[in-house]
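# Fold and geometry: a report
Single-letter residue listing:
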Amino acid sequence: MLFGGDNWKRRLEKELVSLSSGDGYREVTYNRLKELVDPPSERLLAEAVSRKILEGRLRVFYRVLSPKKVAIEKFDNILDIPDQIVDVSTGQPIDVDRFRNVEAVYVSDRAAEH
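Description of the structure in this document. (Residues numbered from 1 in each chain as written. Predicted model: local features only at pLDDT ≥ 70, side-chain atom pairs only at ≥ 80, totals over all residues. Heavy atoms only, no water.)

### Structural notes on the overall build of the protein
Secondary structure assignment for the protein yields 4 helices and 6 strands. Starting at the N terminus and walking to the C terminus, you meet the elements of the protein as α-β-α-α-β-β-β-β-β-α. Residue burial in the protein is summarised as follows: out of 114 residues, 34% are buried. For the protein, the accessible surface area stands at approximately 7300 Å², while carbon and sulfur atoms represent 50% of it. (Helix = DSSP H or I, 4+ residues; strand = E, 2+ residues; numbered from the N terminus. Buried < 20%, exposed > 50% of the residue type's maximum accessible area, 1.4 Å probe, protein only. Areas by Shrake-Rupley, 256 points an atom, 1.4 Å probe, with all protein chains shown as cover.)

In structure tokens form, the structure reads like this:
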């Protein structure tokens, strides 16, 4: 952990403001948010992000990535992701591993409208 105490909550708020400010579309992946916020645990970050989603301040979607990390398709619900999908970069079907090929992506409610 780079920073101590409850500063991670302030950093989370700063990132939420950054996501919703400006005119352009902005997004952040869960892993990048974890790096930026540096929470004391992943559980605390997941709980805080879940609260922000319930409050309507964030939206989440799930992006399926090819083995080469090329974005293939996005889904609003993780349960909608098929077990196999065509990798658009190769034209070949790949088996989707939800731990290696799927990333959670967050956008502000405002940015999601763009």
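### Notes on the pattern of salt bridges
Counted by the stated rule, this structure contains 10 salt bridges. For the salt bridge of glutamate 13 with lysine 52, the shortest nitrogen-to-oxygen distance reads 2.9 Å. Here glutamate 13, found in helix α1 (residues 7-20), pairs with lysine 52, found in helix α3 (residues 42-54); they are 39 residues apart in sequence, far enough to count as distant. For glutamate 13, a relative accessible area of 29% corresponds to the partly exposed category. A relative accessible area of 13% places lysine 52 in the buried class. In this structure, glutamate 27 engages arginine 63 in a salt bridge whose closest nitrogen and oxygen atoms are separated by 2.8 Å. Of the two residues, glutamate 27 is situated in the loop between α1 and β1 (28-29) and arginine 63 in strand β2 (residues 58-65); the sequence distance between them amounts to 36 residues. Since its relative accessible area comes to 32%, glutamate 27 is described here as partly exposed. Overall, the relative accessible area of 15% leaves arginine 63 in the buried class. (Salt bridge = Lys/Arg side-chain N within 4 Å of Asp/Glu carboxyl O.)

### Thoughts on unusual backbone geometry
For aspartate 38, which is not glycine, the phi dihedral falls at a positive 55 degrees. Its location among the elements puts aspartate 38 in the loop between α2 (30-37) and α3. Owing to a relative accessible area of 12%, aspartate 38 belongs among the buried residues under this scheme. Positive phi is not limited to glycine here, since lysine 69 has a value of about 70 degrees. Tracing the sequence through the fold places lysine 69 in the loop between β2 and β3 (71-75). A relative accessible area of 52% means that lysine 69 is categorised as exposed.

### Section: the packing of aromatic side chains
Geometry of an aromatic ring pair is reported as the spacing of the ring centres plus the angle between the planes. Applying the stated rule across the entire model yields 0 aromatic pairs. Its guanidinium or amino end placed over the ring of phenylalanine 61, lysine 74 lies 4.5 Å from that ring's centre, counting from NZ or CZ. (Phe/Tyr/Trp six-rings, centres within 6.5 Å; stacked < 30°, edge-to-face > 60°. Lys NZ or Arg CZ within 6 Å of the ring centre and 35° of its normal.)

### Quick word on the pairing of strand β5 (residues 92-95)
Pairing analysis gives 4 bridges linking strand β4 (residues 84-87) to β5, with the strands arranged antiparallel. Note on β5: the bridge partner recorded for valine 86 is proline 93. (Pairing = 2+ DSSP bridges.)

### Describing the nonpolar core
With 23 residues, the main nonpolar core has Leu12, Leu33, Leu45, Val64, Ile81, Ile85 and Tyr106 as its most contacted residues. Sequence-distant contacts of isoleucine 81, defined by excluding residues within four places in its chain, comprise Tyr62, Val64, Phe75, Val96, Arg98 and Val102. (Core = buried A, V, L, I, M, F, W, Y, C linked by side-chain atoms within 4.5 Å. Contact = heavy atoms within 4.5 Å.)

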